[in-house]
Amino acid sequence: MAGVRLDKVRKVYPNGHVAVAEASFDIADGELLVLVGPSGCGKTTLLRMIAGLESISGGELWIGDRVVNDVAPKDRDIAMVFQNYALYPHMTVQENLGFGLRLRGQPKEEIDRRVAEASDMLGLNERLSSKPAALSGGQRQRVALGRAMVRDPAVFLLDEPLSNLDAKLRLSTRVEIARIHRRVGATMIYVTHDQIEAMTLGQRIVVLNGGVIQQLDTPMNLYNKPVNLFVAGFLGSPAMNLFHGTLRRADGLSLQMAEGTVSLGVTSDALAAYVDKPVIVGVRPEDLQLAEANGVATRLHAHLEVVEPVGNEIFLNMRYAGGEIVSRAPPHSVVQPGTDVALGFAAERLHFFDPETTCRIDI
């Protein structure tokens, strides 16, 4: 296995489009790092540069102890898993798993040993004689993973490997990938646009937008301390509620919005410079409480439009004068669509952002 280091790596196309702007970060040996962001943010381009499938316009890319900018893909000691599986339809599962090793001239005994190990780990022993057309989507994806595993590469690269699976298979295959990573201890770089996948799989996550790294951190730090409005709005399901207004000082701090003034219940020296200035206040759905149910002072009134049970929680989709908001409520809550509700903020969990810079204000 090996670590990966990017030092001001850039990708600029001939038409001048900057797909990746000076990406710099280290991936530890054995780490599972996720690249996440919306379509067109540069995450797949970045992965393809690491794989050697895209040329690097600037900076240095290290795999292990060598710079690989000009090293051919086959000589980088990487294995890539694509979203479309890329299996050979005329070959059996066993032949697909061992094909890459045969191309490299490995002895038949070694090929058989590695294929047996991978098929056993992935639960494919009963399907070794089957061809891809006879497999489910999840089984095909496991074959693609196994074909990468038998190579025993320094780095695994996974490009949206679950995007073609249904919701149930996505969940089970996520668990499979996490289990494989723990068992093999491999360095993995995983690309996805699905922030739930990113938050559940990644030991650390790189959030990209417009080719620029917005934040690199652990899942919990990204969720609890997003550095800017983009990260705050992109990560979280449902997304963070954002309230635009002017910060006022009166019996503590309050937010004056066009639809009225709400008390925030916080005091902070860091916010003193923003008094009488525009700010954006972010509230995660789980921190926007039903006021009557929780005994907190009323902060905001909204009209409840949709009640959506999800597992042991209830999502409340509401509308207030400034737009739409979402809250979570415990399963015993008695709430009905079409009613008006009072909401309160969990003051210690509020997020503040400067609307000019879009950056987080640490309080």
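Everything numeric here is computed off the predicted structure, so don't read it as measured data.

## A word on helix α3 (residues 108-122)
Now for step 1: In this model α3 runs 21 Å from its N-terminal to its C-terminal C-alpha over 15 residues, within 8% of the 21 Å that 1.5 Å per residue would give.
Now for step 2: Of all the positions in α3, only I111, R114, V115, A118, S119, M121 and L122 are classed as buried. Down the axis of α3, the buried set is contained in an arc of 160 degrees. They therefore lie on one face.
Now for step 3: On the buried face of α3, the contacting elements are α2 (93-103), α4 (137-149) and α5 (167-184).
Now for step 4: Just beyond α3, the residue with positive phi is G123, at close to 70 degrees.

## Description of the pattern of salt bridges
Now for step 1: According to the stated counting rule, one finds 15 salt bridges in the structure shown.
Now for step 2: We note a salt bridge from E324 to R319, for which the minimum N-O separation is 2.6 Å.
Now for step 3: Between D362 and R360 there is a salt bridge whose closest N-O contact spans 3.1 Å.
Now for step 4: Judged by its relative accessible area of 54%, D362 is exposed.
Now for step 5: Looking at R360, the relative accessible area reads 21%, which means it is partly exposed.

## Structural notes on the UniProt feature "domain: ABC transporter" (unreviewed entry) in the chain
Now for step 1: The UniProt entry lists residues 4-235 under the feature "domain: ABC transporter" (unreviewed entry), expressed in the numbering used here.
Now for step 2: The straight-line gap between the two end C-alpha atoms of residues 4-235 is 25 Å; of that span, 37% is helix and 25% is strand.

## Observations regarding the domain arrangement of the chain
Now for step 1: Taken domain by domain, the chain comprises domain 1 (4-234) and domain 2 (241-361).
Now for step 2: Spacing between the C-alpha centres of domain 1 and domain 2 amounts to 38 Å.
Now for step 3: Linking domain 1 to domain 2 there are 0 salt bridges.
Now for step 4: The interface formed by domain 1 and domain 2 contains 6 residue pairs in polar contact (both at pLDDT 80 or more).

## So, the sheet that holds strand β15 (residues 288-290)
Now for step 1: Spatially, the 5 strands line up as an open sheet ordered β15-β19-β16-β17-β18, and their pairing is antiparallel. Looking at which strands have only one partner, the edges of the open sheet turn out to be β15 and β18 (323-329). For this sheet, the mean angle separating the axes of adjacent strands, direction not counted, is 50 degrees.

## Structural notes on the layout of surface pockets
Now for step 1: If you add up the space inside the largest pocket, you get close to 480 Å³.
Now for step 2: In terms of lining, the largest pocket is formed by 20 residues, of which the most central are M80, F82, R104, R147 and R151.
Now for step 3: Only β6 (78-81), α2 and α4 provide two or more residues apiece to the lining of the largest pocket.
Now for step 4: The element that contributes the greatest number of residues to the lining of the largest pocket is β6, accounting for 4 residues.
Now for step 5: Considering the residues around the second largest pocket, the lining is formed by 12 residues, among which E117, M149, V150, D152 and V184 are closest to the centre.

## Considerations on the packing of aromatic side chains
Now for step 1: Counted under the stated rule, the structure contains 4 aromatic pairs.
Now for step 2: With centroids separated by 5.5 Å and ring planes inclined at 15 degrees, the aromatic side chains of F230 and F234 adopt a geometry described as stacked. In this pair, F230 and F234 both sit in helix α8 (residues 229-234), 4 residues apart, roughly one turn of the helix.
Now for step 3: With relative accessibility at 23%, the residue F230 sits in the partly exposed group.

## What about empty space enclosed by the protein?
Now for step 1: Scanning the model with the defined rule gives 1 cavity of 30 Å³ or more in all.
Now for step 2: Taken as a whole, the largest cavity encloses approximately 30 Å³ of empty space.
Now for step 3: Around the largest cavity, the lining residues are V81, L145, A148, M149, F156, L158, I180 and M188.
Now for step 4: Among the secondary structure elements, those contributing two or more residues to the lining of the largest cavity are α4 and β7 (155-159).
Now for step 5: Among the elements that make up the lining of the largest cavity, the one with the highest residue count is α4 (3 residues).

Calculation notes
- Residues numbered from 1 in each chain as written.
- Predicted model: local features only at pLDDT ≥ 70, side-chain atom pairs only at ≥ 80, totals over all residues.
- Heavy atoms only, no water.
- Helix = DSSP H or I, 4+ residues; strand = E, 2+ residues; numbered from the N terminus.
- Expected span 1.5 Å × (residues − 1).
- Buried < 20%, exposed > 50% of the residue type's maximum accessible area, 1.4 Å probe, protein only.
- Arc of directions from axis to C-beta.
- Contact = heavy atoms within 4.5 Å.
- Salt bridge = Lys/Arg side-chain N within 4 Å of Asp/Glu carboxyl O.
- UniProt positions renumbered as here; feature names shortened; annotations may be inferred.
- Domains from an automatic or database assignment.
- Polar contact = N/O pair within 3.5 Å; in protein donor to acceptor, adjacent residues only side chain to side chain.
- Pairing = 2+ DSSP bridges.
- Axes fitted to C-alpha atoms, helices over the stretch in contact; angles between N-to-C directions.
- 1 Å grid on protein atoms, 1.4 Å probe; cavity = no way out; pocket = protein on both sides within 12 Å on 5 of 7 lines; lining within 4 Å.
- Points joined across faces, edges and corners; volume = space filled by probe spheres on them.
- Phe/Tyr/Trp six-rings, centres within 6.5 Å; stacked < 30°, edge-to-face > 60°.

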